[in-house]
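Structural overview for review
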Amino acid sequence: MTLDDGTYRWASLWLLLLILAATASMESAIAEQHPLSAEIQRGRYLVITSGCNDCHTPNYPESGGQVDEQLWLTGSALGWRGPWGTTYASNLRQVVQRVSEDQWLSHARNTWRPPMPWFNLRDMADADLLAIYRYIRQLGDAGEAAPVYVPPDQEPAGVYVQFPPAP
């Protein structure tokens, strides 16, 4: 029996699909054998317990923390408005992709506008900040950039929380 060109192409396509499926299955098995490192797990734990998701993950507080991890730390369009202007929680997934570990340590310890609790990061050990950095970095780049800062004399375009609430 001989194969014509059409049958050969279909057989080749099926073989390619089988190889791709086997490769995906092997990659999944390898990933199961190599769970996240202890440091990455610690970074995840610190992100959860330090409240990073509360502001940097859309709808995290409103959902009681029930947001798919693939959306974590992608920033928020919810503004925080006060005497300093209007600030937005940045997309940390994008931030860590463009900075080195040393730059991250410096970035994390900057003085930020409210309501960012920068003083908590300032007091964290380097090892903890690096665990957070490595955890976020392994999540990969995702999402859009958060809106830019709006000065106090300008009205923000989107939804915001007045902080402290106006009398």
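**Describing the sheet that holds strand β2 (residues 85–88)**
With respect to topology, three strands assemble into an open sheet ordered β2-β1-β3, the strand pairing being mixed. Each having just a single partner strand, β2 and β3 (160–162) make up the two edges of the open sheet. Across the sheet, the mean angle from the axis of one strand to that of its neighbour is 25°, orientation sign disregarded. In this sheet, β2 lies alongside strand β1 (residues 79–82) in antiparallel orientation, the contact comprising four bridges. Along β2, the bridge assignment pairs W80 with T87.

**Thoughts on helix α5 (residues 101–108)**
Every buried residue of α5 is accounted for by W104, L105 and A108. For α5, the buried positions fall inside an angular range of 100° around the axis, keeping them on one side. Of the surrounding secondary structure, the elements contacted by the buried residues of α5 are α4 (92–97), α6 (118–122) and α7 (126–139).

**Digging into the environment of N91**
Tracing the backbone through its elements, the reader meets N91 in the loop between β2 and α4. Each C-alpha atom, one on N91 and one on E144, is 7.1 Å from the other, the two residues being 53 residues apart in sequence. Non-local contacts of N91, meaning those with residues more than four positions away in its chain, are made with L73, T74, G75, A142, G143, E144 and A146. In this structure the side chain of N91 is engaged in a polar contact, spanning 3.2 Å, whose partner is the backbone oxygen of T74. Of the polar contacts made by the side chain of N91, one reaches the backbone oxygen of E144; its length is 3.1 Å.

**A short note on the packing of aromatic side chains**
Per the counting criterion, the structure on display carries five aromatic pairs. When the ring of Y60 is compared with that of W72, the centres are 6.2 Å apart and the planes differ by 85°; the resulting orientation is edge-to-face. With Y60 in the loop between α3 (52–56) and β1 and W72 in the loop between α3 and β1, this pair connects stretches of sequence that are twelve residues apart. There is no split in this pair, since Y60 and W72 are both buried.

Quick notes on the rules
Positions within a chain are numbered from 1, following the residues in the order the chain's sequence is written. In keeping with the predicted nature of the model, local features appear solely for residues at pLDDT of at least 70, side-chain atom pairs appear and are counted solely at 80 or more, and the whole-chain, interface and lining totals rest on all residues. To get the side-chain values, take all heavy atoms of the structure and skip hydrogens and water. At least two bridges found by DSSP between two strands are what make those strands a pair. Counting from the N terminus, the helices are the DSSP runs of H or I reaching at least four residues and the strands are the DSSP runs of E reaching at least two. Lines are fitted to the C-alpha atoms to define the axes, a helix being fitted only along its stretch in contact, and any angle between axes, read from their N-to-C directions, falls within 0 to 180 degrees. Per-residue accessibility, obtained with a 1.4 Å probe over protein chains only, is compared with the maximum for each type, and a residue is labelled buried under 20%, exposed over 50%, and partly exposed between these values. By arc we mean the arc of the directions from the helix axis to the C-beta atoms, nothing more. Working rule for contacts: check all heavy atoms of both residues, and any pair within 4.5 Å makes them a contact. Polar contact criterion, stated in full: a pair of N or O atoms within 3.5 Å, where within protein one must be able to donate a hydrogen and the other to accept it, and residues adjacent in sequence count only if both atoms are side-chain atoms. Classification of ring pairs uses Phe, Tyr and Trp, with its six-membered ring standing for Trp, and accepts pairs whose centres are within 6.5 Å; under 30 degrees between planes counts as stacked, over 60 as edge-to-face, and the remaining range as tilted.

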